[in-house]
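Observations on chain architecture
Chain residues, written in single-letter form:
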Amino acid sequence: MALYVKETSLAIMKFNDQQAEKIGKEVQGLVKGKALFDPFSRGRYSTDSSLYQIKPIGAVLPKDHNDVLRLMEYSQKNSIPLLARGGGSSQCGQTVSEAIVLDYSKHQNQVLELNVEEKYVWVQPGIVLDTLNSYLKQFGLWFPVDVSTSSRATIGGMTGNNSCGSRSLYYGNMVNNVLAVEAILDDGTIHTFEDINKNYLEAKNDQNRQYEIIKKFLDLRENVKDDISQFWPQTQRRVGGYNIDLINPDGFNTSNILVGSEGTLSLFNKIKLKLSPIPKQKVLGVCYFESFAQAMELTKEMVKLKPTTVELLDHNLIDLAKQIPIYAESIKKYILGNPEAVLMVEFIDDDLDLARSKLKDLESLVRAQNSNNNYKSYEDLSDQKEIFEIRKAGLNILMSLKGDKKPVAFIEDCAVTLDHLADYTSRLKDVFAKYNTSGMFYAHASVGTLHVRPVLNMKSDQDIKNMKAIADEAFNMVKEYRGSHSGEHGDGIVRSEFHEKMFGKKILNAFEEIKDTFDKKNLLNPHKIVRAYKSNDRSLMRYKSDYKAENISTHYDWSDWGQFSDAVEMCNNNGACRKLDSGVMCPSYRVTKEEKDLVRGRANTLRLALSNQLPKGSFVSKGMYETMELCVSCKACQRECPMSVDMAKMKSEFLSHYYKKFSMSIKDKVISNMPKLIWLLKISNPIVNFLNKVPIISQIIEWFGFSSKRSLPIVENQSPLREIYNSQPNLEKKVILFADTFNINFEIKNLMYAIRVINKFGYQAIIPSFQNDNLDRPLCCGRTYISMGQLDKAKNELERFTSYITENGYNELPVIGIEPSCLLTFNDEFKSFSKLNGRDKIKNSFLLLEEFVLNEIKNGNQIKPKDFDKKVLIHGHCHQKSQNRTKGLTGLLNELNIKNSMIDSSCCGMAGSFGYSSKHYDVSKKMAHLTLIPAINNSTEDDYVVANGTSCRHQISDFSNKKPKHISELLFNLFETIN
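Residues numbered from 1 in each chain as written. Predicted model: local features only at pLDDT ≥ 70, side-chain atom pairs only at ≥ 80, totals over all residues. Heavy atoms only, no water.

**Re the overall build of the protein chain**
Counting its regular elements, the protein chain contains 44 helices and 27 strands. Whereas a compact globule of 979 residues would reach a radius of gyration of roughly 30 Å, the protein chain reaches 30 Å, a difference of no more than 12%. Judged by the C-alpha coordinates and their principal axes, the protein chain covers about 95 × 70 × 55 Å. Long-range pairs, those at least 24 residues apart, make up 75% of the contacts in the protein chain between residues at least 6 apart in sequence. Surface accessibility of the protein chain: about 36,800 Å² in total, with carbon and sulfur atoms responsible for 47%. A distance of 4 Å separates the average location of the 127 positive side-chain charges in the protein chain from that of its 118 negative side-chain charges. (Helix = DSSP H or I, 4+ residues; strand = E, 2+ residues; numbered from the N terminus. Rg over C-alpha atoms; globule rule 2.2 N^0.38 Å. Contact = heavy atoms within 4.5 Å. Areas by Shrake-Rupley, 256 points an atom, 1.4 Å probe, with all protein chains shown as cover. Lys, Arg positive; Asp, Glu negative; His and termini not counted. Charge placed at Lys NZ, Arg CZ, Asp CG, Glu CD.)

**Concerning the packing of aromatic side chains**
The tally for this structure, following the rule as stated, stands at 37 aromatic pairs. Look at Y763 and F852: their rings are 5.1 Å apart centre to centre, the planes differ by 75°, and that puts the pair in the edge-to-face class. Here Y763 is found in the loop between α32 (748–760) and β22 (764–766), whereas its partner F852 is found in helix α38 (residues 849–858), with 89 residues between them in sequence. In terms of burial, Y763 and F852 fall into one category: buried. Positioned over the ring face of Y543 is K459, at 5.0 Å from the centre of the ring. (Phe/Tyr/Trp six-rings, centres within 6.5 Å; stacked < 30°, edge-to-face > 60°. Buried < 20%, exposed > 50% of the residue type's maximum accessible area, 1.4 Å probe, protein only. Lys NZ or Arg CZ within 6 Å of the ring centre and 35° of its normal.)

**Considering the pairing of strand β8 (residues 178–184)**
Among the seven residues in β8, six count as buried, and that is most of the element. Pairing of β8 with strand β12 (residues 267–274) involves six bridges; the strand directions are antiparallel. Each residue of the ladder has a partner; that of A183, found in β12, is F268. Examined bridge by bridge, β8 and strand β9 (residues 190–193) share four bridges and lie antiparallel to one another. (Pairing = 2+ DSSP bridges.)

**Quick notes on the pattern of salt bridges**
Going through the model one piece at a time under the given rule, you end up with 55 salt bridges. The closest approach of N and O atoms between D17 and R42, which form a salt bridge, is 2.8 Å. One end of the pair, D17, is in helix α1 (residues 17–28); the other, R42, is in helix α2 (residues 39–44), with 25 residues separating them in the sequence. Note that K635 and D828 form a salt bridge whose closest N and O atoms lie 2.9 Å from each other. Residue K635 is found in the loop between α24 (622–628) and α25 (636–640), and its partner D828 is found in the loop between α36 (820–823) and α37 (829–832); the two are separated by 193 residues along the sequence. In terms of burial, K635 and D828 fall into one category: buried. Connected through shared salt-bridge partners, K635, D646, K649, R783, D828 and E829 make up one network. (Salt bridge = Lys/Arg side-chain N within 4 Å of Asp/Glu carboxyl O.)

**Quick notes on the sheet that holds strand β4 (residues 100–103)**
Strands sit in the order β1-β2-β4-β3 across an open sheet of four strands; the sheet is mixed. Each of the sheet's edge strands pairs with one partner strand only, and the pair in question is β1 (35–36) and β3 (82–85). Looking at chain direction, strand β2 (residues 58–60) and β4 are connected through three bridges and run parallel. The residue bridging G58 from the neighbouring strand is I100, located in β4.

**Examining helix α12 (residues 325–334)**
Of all the positions in α12, only Y327, S330, I331 and Y334 are classed as buried. Down the axis, α12 shows its buried residues gathered within 105° of arc, on one side only. (Arc of directions from axis to C-beta.)

**Considerations on the sheet that holds strand β27 (residues 944–947)**
The pairing of strands in a sheet comes from backbone hydrogen bonds and takes either a parallel or an antiparallel form. The strand order β26-β25-β27 describes an open sheet built from three strands, whose pairing is parallel. Lying at the two open borders of the sheet, with one neighbouring strand each, are β26 (900–902) and β27. Averaged over all neighbouring strand pairs, the angle between strand axes comes to 25°, with direction disregarded. Direction of pairing for strand β25 (residues 872–875) relative to β26: parallel, over a ladder of three bridges. Of the residues in β26, the one forming a bridge with L873 is S901. (Axes fitted to C-alpha atoms, helices over the stretch in contact; angles between N-to-C directions.)

**Here's the deal with the environment of F975**
With respect to the helices and strands, F975 occurs in helix α44 (residues 967–975). Along the backbone, F975 and N726 are 249 residues apart, and their C-alpha atoms lie at a distance of 20 Å.

**Focus on the nonpolar core**
Core analysis: the largest hydrophobic core is formed by 149 residues, its most contacted members being M647, V853 and L971. Here this core takes eight residues from α32, the largest share from any one element. If we skip the residues at most four places from it in the chain, L971 touches V757, L849, V853, L892 and L896. (Core = buried A, V, L, I, M, F, W, Y, C linked by side-chain atoms within 4.5 Å.)

**As for the environment of K270**
In this fold, K270 is placed in strand β12. Spatially, the C-alpha atom of K270 lies 19 Å from that of G88, the residues being 182 residues apart in sequence. Once you skip the residues sitting within four places of it in the chain, K270 turns out to touch L112, W122, V123, P125, A180, V181 and E182.

**Concerning the pairing of strand β5 (residues 111–115)**
Bridge analysis of β5 against strand β6 (residues 120–123) gives four bridges, and the strand direction is antiparallel. When the sheet's bridge partners are listed, E113 is paired in β6 with W122.

**What about the confidence of the model for the protein chain?**
Of the residues in the protein chain, 98% have a pLDDT of 70 or more, and the chain-wide mean is 92. Within the model, the stretch residues 1–8 combines pLDDT values under 50 with 24 contacts to residues more than four positions away or in other chains. (pLDDT = per-residue confidence, 0-100.)

**Here's the deal with the packing of helix α16 (residues 418–434) against helix α17 (residues 461–480)**
Helix packing for two helices is described by the angle between their axes and how far apart those axes are. At a closest axis distance of 10 Å, the pairing of α16 and α17 adopts a crossing angle of 160°. One finds that α16 runs roughly antiparallel with respect to α17. The way α16 lies across α17 gives a crossing that is right-handed. Two secondary-structure elements touch here, α16 through Y424, R427, L428, V431, F432 and K434 and α17 through I470, E473, A474, M477, V478 and E480. (Parallel < 35°, antiparallel > 145°, perpendicular 65-115°, else oblique. Left-handed = near helix turned anticlockwise from the far one by under 90°.)

**Thoughts on the side chain of R756**
In this structure, R756 sits in helix α32. Engagement of the side chain of R756 in a polar contact is seen with the side chain of S727, the distance being 2.9 Å. (Polar contact = N/O pair within 3.5 Å; in protein donor to acceptor, adjacent residues only side chain to side chain.)

**Notes on unusual backbone geometry**
Negative phi characterises most residues that are not glycine, and trans characterises most peptide bonds. Geometrically, the link from M585 to C586 is a cis peptide bond, its omega value of -5° lying close to zero. As for its placement among the helices and strands, C586 is situated in the loop between α21 (564–568) and α22 (587–592). Positive phi, close to 60°, is recorded for N522, a residue that is not glycine. Its place among the elements puts N522 in the loop between α20 (505–518) and α21. Judged by its relative accessible area of 3%, N522 falls in the buried class. Its identity is not glycine, yet K593 carries a phi of approximately 50°, on the positive side.

Structure below.
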């Protein structure tokens, strides 16, 4: 089945599911890694962060290089294309193709050899940049091509793309920092492409495939040398085509041709990188301009001061960032006034005084041009990091724009020399106006690569025509300036078509000869760089001409986005959820490292199902359930995803439909109905814990869905809690103490402590079910129902709450909670249900206990606590982190002069009932052991662990050498509230 020879048309072959499945079975028999050829997996690998969507034949997660060699042999034998992929965050369509995708990120991600003295490292292509730099930090080294996607960009992807990063002005691009590539060629041979000298070139070794290739390089370079002089870009940022300008008959680094080749020439087996010392001193000047043009003009003067970088933020990006929870505070903290443009200028030096003197020169430069321009400098590294995080997220911030119109990437990589930068941006704005749109500008001012994104609707035929017209006009300008139309993000589908316009026919022919010399059957990522697809071919795009999403009935109100499918489409595939070592998102992916277990993977699957691009009925199917299964509803994506794609709510909506078609397991029925079935758990849990020790019975328990490796919590007698409650003094000031299902049944001591702490500050606590005998059971937030998609029942529970509050006239009393997942429901789902009776009458503030105490102390209610000389280690609950509510706890401990630190952890892994499941126990345990359990087990004996989540405390108790406490217990002991 010869599918992709050079003469093949550019039409997509469109393998059907049966053909893909057949190939998948053959491939799985060849490799040790997973082969994913089902319709759902093919859909998840059909997109990257670009405009494009092409369904692959399937995907393989190669276990080792032998898997890759077998796939290469299979590819050549059957004429089936291969596509190497790392983080899948390419913005130009490099990593989508009708091919077998090789996802290197799960297994091929190791450091192979480090030489500290000579400052180089050999790595596998799937290692992520942040992971590599975290490893190198202990040696005082780093790999300085610091791309904004460093938390998920793999070295293989960066090498294939010739990535640049913010500091390329100082450190250069990938091509300047890759020392060698060990490549797998189409015939299965492995060769190291590295520095060669004239002696190698003069040797006669025609039997060697690598020698044959290199000799071809030299012939081509000689043939097009005049065209290179005439057409080749004069900018530092130039990654279009192949790097034939670097071929030198006196010797050169032969890996230069593979760098930037986008997987079209070979597969990478391992890569040798040049390392740099971590800068000893680093300072940052932030310049605020009233005029965008003024900022552009001044950039060329700033560069003369020899900074490491000059980065741009425009007012559009700043305004959008203000609306994104994770960036809003940073914008408020670091952006002065309402500037039209902000330039961030960084200097490094071993001598801090020299770096400071450059900051002074920078300030003088800014002030001399216009005294109204603001300026501020920063030496603190944490400040610098926080400011740069805004810039690093530039793309994602721009894509947070709601609605069908988005800032679209197709001319965003144009690079011009600084002499032309101001003129180019001015003319470009005129082009945008001509097509009734505007653009957003950010990124690398220091090297003339401004990421400029016109706002267009990619569901509109007219705007797709406008895209092509704008590209033609922009590239004509760039060519006039001897700039580069492809300055950083690569060629892919969106720019490859324009190579002939930019380089001329003769250079394009040379590119094609290089491709054919390496890839004789045209099977490695075809139609990229040469013999390109048309960039405006809508059949290749994510939103094809017949695209239409189903409008499903929902419980939550998604009208801010349009409808449910519009909220799903907010995911632009940037891959921020793939980060491995910071924040919370996405905990299940950190364990499995599989696309299915990402916010991105889940959102893509939902989008494809809702738009009928998966088999009929896929939205409510077992396949969709499996896609959602490992989402632990930690809500990290609500805050950490720059698009605020709220997968926890989306999962809940999905389950509400799923359980209308499929029956719920006995375990899940018990868990979801926990508020009403406490009487059953009171009887069953002690029996289960006892019988768990009997092997045959433990197997039955596992069959019911509960892990026999866990002990179930015991329902406690509430009498001691009632005694404490009834012994309260009758105080004028009152608060509602929200006694959640978990604490009032399983850990009543935390509520006892909370009552005494509240009393100490002059308030009487009201527990509704203790105050009002007409309540048949405690009030509930509906959390267990929400997690299982029983949204009608959850709504009923929330309406029980609103009825109680309004009927008793408590509409303005503070509501204090001690279980974050329950209390914070009132700041989230409670406000999100499309219809909820009595919600408009609720004026209460909802506070966690520590927030209440902190407010009281700050408002002058000073109570001197006992001395506490231990350090408090805090594991923040995921829902607290998602709403930025951990600062109440750290703020209180700081106010009380108690040493504390937040454990850098993702979800603990228990996640409500998730960790009690026999099916999920192993994943739950692995989540806990990513960072949380090691941090606790490595702490000192005197360290005091606080974890406010019920499930978090149980998880830590199960796997660590410490018993964590709720903050109520610490506060009780500090204030000695019980006589």
